[in-house]
Number of protein chains: 2
Amino acid sequence: MDLVNGKVELVHGSGGRAMAELLQEIFFPAFDNEYLRQGNDQALFPVSGKRMVMTTDSHVISPLFFPGGDIGKLAVNGTINDIAMGGAVPLYLSAGFIIEEGFPLADLQKIAISMGETAKNAGVPIVTGDTKVVEKGKADGVFINTAGVGMLPDGIELSGNKPRKGDLVIVSGNIGDHGIAVLSCRKGMDFSTNVISDTAPLHQLVRAMIAAVPGKIKCLRDPTRGGLAAVLNELALQAKVGMMIKEKNVPILPEVKAACDFLGFDPLNLANEGKLVAICSPESSDTLIRAMHHNPLGRQAAIIGEIIDDENNLVHLETIAGGVRIIDWLYGDQLPRIC
Amino acid sequence: MDLVNGKVELVHGSGGRAMAELLQEIFFPAFDNEYLRQGNDQALFPVSGKRMVMTTDSHVISPLFFPGGDIGKLAVNGTINDIAMGGAVPLYLSAGFIIEEGFPLADLQKIAISMGETAKNAGVPIVTGDTKVVEKGKADGVFINTAGVGMLPDGIELSGNKPRKGDLVIVSGNIGDHGIAVLSCRKGMDFSTNVISDTAPLHQLVRAMIAAVPGKIKCLRDPTRGGLAAVLNELALQAKVGMMIKEKNVPILPEVKAACDFLGFDPLNLANEGKLVAICSPESSDTLIRAMHHNPLGRQAAIIGEIIDDENNLVHLETIAGGVRIIDWLYGDQLPRIC
């Protein structure tokens, strides 16, 4: 990165390698502390003898309303999920709004109601907030930041560095729905689909999973920006292992597959907003999958591959055709502002 | 408010009456819960038998760099202060960045380093973060959200509804510095000044104040957007009292007074980023003021007035000329994007 004359580019916000570089070169050195160095989507810290987590996420999605949801629902679910992926119980949320002058009050109200309902249904209240307005042309409708805190129950230890050879890789359901749903209503996109976003809060599913196989889940991660490909590569790097994924086992809706074929997209790179990846000891995987199938958000859960030794930390894909290719981590993203 | 055809205007983000209307009509009904109903800048909630607070603030200041600080320093101090105003000890911060494509990496690094140093000096680490990038023309350089959590020590009970007749109103130092400092470097403003922003973390001052007069401080508030006038009016309404403020006792730098005279601004409406208002029982005020004078951030602390009975909850100002006028709460703000 050229820190003297360089500029921020769209790829720096995509959840791919370019963003990882931006974090490594600018933010991690500037903020350096033991919590940030954990390298997870949520920070774990002690508060009077207990373990808590905190997370934050800004949402800049375009368009603001899409099949299956809106920016508000996405923001609430996204932050609940970042907390849940640490194995923690989400407790309280904050909401910060940056609104462009001229934004319709009716749309703002619609988004606020959607956030309130999503938070209420999940049992995680929005307890504090902030509102800023900038001149017309200085933002894009509305941007929403949600931060959240949660409590990590005693005995739960999930981390991306725990996966070992032989562990199994599980995904909780069909991949790519959110990416295709948003894409289908982007200006200039000339296709239609019935696919709706999968945006959903995953904390109840996580609780059921942990209860089903206590101590046997190594780590959880939600494949949002960057999709399944980015999350698998991140985990392989963090755990210093490789992975062998079987393409035929990766659940995907036929409509999403068709849209990807039509658009030339790889579904492994598409964003998801209500799915998780779990890595689990092999002896517990059947029990875990059964527990997931009992939860509405885990009904399509499937074992998609296993952890292998690989000094290059590559994610291999056994294709339906029978060959093997490497699942690469995109430098940027297929499309910006997907969440 | 016209929730059918109305639009968000700049005044809705100004911290004045228009923003209060937006919150009352849209956000409070949509998010309704007991924590939000507390109506403070930070939410107080129980976590395993202890009391914690959470707050959030988005920063959209223009320009990003100003005399005495930058958007990063402002964001860290602002969130520390919102926690401290509840009497709580700030513990951990999150940081969410929304960056406009094309923003110089060098400026981003400068802001990140400033945030890291401010957080380190305050002893409150930034433990988690998020980065989004939007297309050129869809934001304005960089917007930063900071959220924070803190712990409220046992026995501390501050609330805007506690002030009673006879209590004294204290301000921790000169008012209006931040507003004038930012204004002086706005494009199109044709004046220069030596005034620098007062941005500073107030948590150590607050700790010293509480230790000096345990149980005697009724409430604390930082007069940011909307200035001293907005905070005094908010507190009068919340406590269902009136106030009598003596203009000659309100500390203000001669340069700030001169700039206000020149620009036609009322210093009571100018933003502050390192000042607080305290309301205190009269018998403890001397001890409190002495303790404040011992802290570098409270050296100019002064008693500026007292709580009176007033069924209209008005804030009266005894002017230097000897008359009395009402300090009104602006509908909007003198200038947008001051923090």
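Remember, it's a predicted structure, so these values are computed and weren't measured experimentally.

Participant: Whenever I open this one, the overall build of chain A confuses me. Can you help?
Facilitator: Across its full length, chain A holds eight helices and 14 strands. A compact globule built from 339 residues should have a C-alpha radius of gyration of about 20 Å, and chain A, at 19 Å, falls within 12% of that. Projected onto its principal axes, the C-alpha coordinates of chain A cover approximately 55 × 55 × 50 Å. Counting the 339 residues in chain A, one finds 61% classified as buried. Of the contacts made within chain A by residues no fewer than 6 positions apart, 82% connect residues no fewer than 24 positions apart. When the accessible surface of chain A is split by element, carbon and sulfur atoms take 51% of a total near 12500 Å². In chain A, which carries 30 positive and 39 negative side-chain charges, the distance between the mean positions of the two groups comes to 4 Å.

Participant: Help me understand the relation of the copies chain A and chain B, please; the structure alone is not making it clear to me.
Facilitator: Put simply, the second copy of the chain is the first one after a rotation about an axis and a shift along it. If you rotate chain A by 180° and push it 0.0 Å along the axis, it lands on chain B with an RMSD of 0.0 Å. What the superposition gives is, in effect, a two-fold axis relating one chain to the other. It is A:Ala139 whose C-alpha, among those of chain A, lies nearest the rotation axis, at 2.1 Å. Here 100% of the contact residues of chain A are again contact residues in chain B; the copies associate through an equivalent surface.

Participant: Explain the sheet that holds strand E6 (residues 126–134) of chain A here, please?
Facilitator: Strands sit in the order E1-E2-E7-E5-E6 (chain A) across an open sheet of five strands; the sheet is mixed. In this open sheet, the two edge strands, each paired with only one partner strand, are strand E1 (43–47) and E6 of chain A. Taken pair by pair, the neighbouring strands of this sheet meet at an average axis angle of 20°, ignoring direction. Set on the sheet, helix H2 (residues 71–84) of chain A makes contact with strand E2 (50–59), strand E5 (89–100), E6 and strand E7 (142–152) of chain A; between it and E7(A) the angle comes to about 25°. Contacts from helix H1 (residues 17–31) of chain B reach E5 and E6 of chain A within the one sheet, and its direction differs from that of E6(A) by about 140°.

Participant: Help me understand the interface of chain A and chain B in this model?
Facilitator: A common measure of how large an interface is: the accessible area buried when the components associate. Contact residues are listed per partner, giving 83 residues for chain A and 83 residues for chain B. Summed over both sides, the interface between chain A and chain B buries roughly 6900 Å², with carbon and sulfur atoms accounting for 70% of that surface. The interface formed by chain A and chain B includes eight salt bridges. The partner of B:Asp57 in a salt bridge is A:Lys132, and the shortest N-O contact between them spans 2.9 Å. For the interface between chain A and chain B, the tally reads 22 residue pairs in polar contact (both at pLDDT 80 or more). Elements with a minimum of two residues in the side of chain A that touches chain B: helix H1 (17–31), E1, E2, E5, helix H3 (105–122), E6 and E7 of chain A. Considering every element that reaches the side of chain A that touches chain B, the biggest residue donor is E5(A), with 10 residues.

Participant: Honestly, helix H8 (residues 285–293) of chain A in this entry has me stumped. Any pointers?
Facilitator: Because each turn of an α-helix spans 3.6 residues, side chains separated by three or four positions end up pointing in the same direction. Residues and elements named next belong to chain A. Within the sequence span of H8, burial applies to Ser285, Leu288, Ile289, Ala291 and Met292. Buried residues of H8, viewed axially, fall in a sector of 160°; they line one side. H8 presents Asp286 and Arg290 as exposed residues on the side facing more than 90 degrees away from its buried surface. Next to the buried residues of H8 lie strand E8 (168–171), helix H5 (203–212), strand E9 (217–221), strand E11 (277–280) and strand E12 (302–308).

Participant: Would you mind going over the packing of H5(A) against H8(A) with me for this structure?
Facilitator: Packed helix pairs are characterised by how far apart their axes lie and by the angle those axes make with each other. Residues and elements named next belong to chain A. Relative to each other, H5 and H8 sit at 150°, their axes nearing to 9 Å. Remark: the crossing between H5 and H8 carries right-handed chirality. Contacts between H5 and H8 pair Leu205, Ala208, Met209 and Ala212 from the former with Thr287, Leu288, Ala291 and Met292 from the latter. Its residues placed into classes, the contact of H5 with H8 shows seven nonpolar, one polar and no charged.

Participant: Would you mind going over the pattern of salt bridges with me for this structure?
Facilitator: Between side chains of opposite charge, pairing is possible as soon as their charged atoms come close. In total, this model carries 34 salt bridges over all chains according to the counting rule given. For B:Lys132, the salt bridge is made with B:Asp130, and the minimal N-O distance between the two is 3.0 Å. There is no split in this pair, since B:Lys132 and B:Asp130 are both buried. Where salt bridges share partners, they join A:Asp57, A:Arg225, B:Asp130 and B:Lys132 into one cluster.

Participant: What is the right way to read the nonpolar core from this model?
Facilitator: When a protein is soluble and globular, its nonpolar side chains tend to lie buried together. Judged by nonpolar contacts, the single largest core of 48 residues is most densely connected at A:Phe27, A:Phe31, B:Phe97, B:Met115 and B:Val142. Counting residues per element, the ones that place at least two in this core are H1 of chain A together with helix H2 (71–84), strand E5 (89–100), helix H3 (105–122), strand E6 (126–134), strand E7 (142–152), helix H4 (177–184) and helix H7 (254–263) of chain B. Dropping the residues within four chain positions of it, B:Phe97 is found in contact with A:Phe27, A:Phe31, A:Ser58, B:Met115, B:Asp130, B:Thr131, B:Lys132, B:Val142, B:Phe143 and B:Ile144. Listed in part, the 46 residues of the second largest apolar core include A:Leu105, A:Phe191, B:Leu22 and B:Leu36.

Participant: Mind showing me how you'd approach the environment of B:Leu202 here?
Facilitator: With respect to the element layout, B:Leu202 can be found in the loop between H4 and helix H5 (203–212). It is 7.4 Å that separates the C-alpha atoms of B:Leu202 and B:Leu297, two residues lying 95 residues apart in sequence.

Parameters and conventions
- Within each chain, residues carry numbers counting from 1 in the order of the written sequence.
- The order in which chains are written sets their letters, starting at A; the order in which ligands are written sets their numbers, starting at 1.
- Predicted model: local features are reported for residues with pLDDT of at least 70 only, side-chain atom pairs are reported and counted for 80 or more only, and whole-chain, interface and lining totals are derived from all residues.
- To get the side-chain values, take all heavy atoms of the structure and skip hydrogens and water.
- Elements are defined by DSSP. Helices are runs of H or I of four residues or more, strands are runs of E of two residues or more, and each kind is numbered from the N terminus.
- Note that the radius of gyration is over C-alpha atoms, with the globule rule given as 2.2 Å times the number of residues to the power 0.38.
- Only protein chains enter the accessibility calculation, which uses a 1.4 Å probe. A residue is then buried if its area is under 20% of the maximum for its type, exposed if over 50%, and partly exposed in between.
- The contact criterion used throughout is that any non-hydrogen atoms of two residues lie within 4.5 Å.
- Note on areas: Shrake-Rupley, 1.4 Å probe, and residue coverage restricted to the protein chains presented here.
- A residue counts as positive if it is Lys or Arg and as negative if it is Asp or Glu; His and the chain ends are not included.
- Taken as the charge location is NZ of Lys, CZ of Arg, CG of Asp or CD of Glu.
- Copy-to-copy superposition: least squares on the C-alpha atoms, limited to residues that have pLDDT of at least 70 in both copies.
- Note: two strands are recorded as paired if DSSP finds a minimum of 2 bridges between them.
- Lines fitted to the C-alpha atoms define the axes, with helices restricted to the stretch that makes contact. Angles between their N-to-C directions range from 0 to 180 degrees.
- When two parts are put together, the accessible area they lose, computed with a 1.4 Å probe and summed over both, is reported as buried area.
- Think of a salt bridge as a Lys or Arg side-chain nitrogen and an Asp or Glu carboxyl oxygen that are within 4 Å of each other.
- Polar contacts here mean pairs of N or O atoms no more than 3.5 Å apart (in protein, one a potential hydrogen donor and the other a potential acceptor; neighbouring residues in sequence count only if both atoms are side-chain atoms).
- As used here, the arc belongs to the directions running from the helix axis to the C-beta atoms.
- The sense of a crossing depends on the near helix, which, turned anticlockwise from the far helix by less than a right angle, makes the crossing left-handed and, turned clockwise, makes it right-handed.
- As a working rule, the residues Ala, Val, Leu, Ile, Met, Phe, Trp, Tyr, Cys and Pro are called nonpolar, Asp, Glu, Lys and Arg charged, and the rest polar, with Gly in that last group.
- Residues belong to one nonpolar core when they are buried, are Ala, Val, Leu, Ile, Met, Phe, Trp, Tyr or Cys, and are joined through side-chain atoms within 4.5 Å.

So yeah, pure geometry; function would need other evidence.
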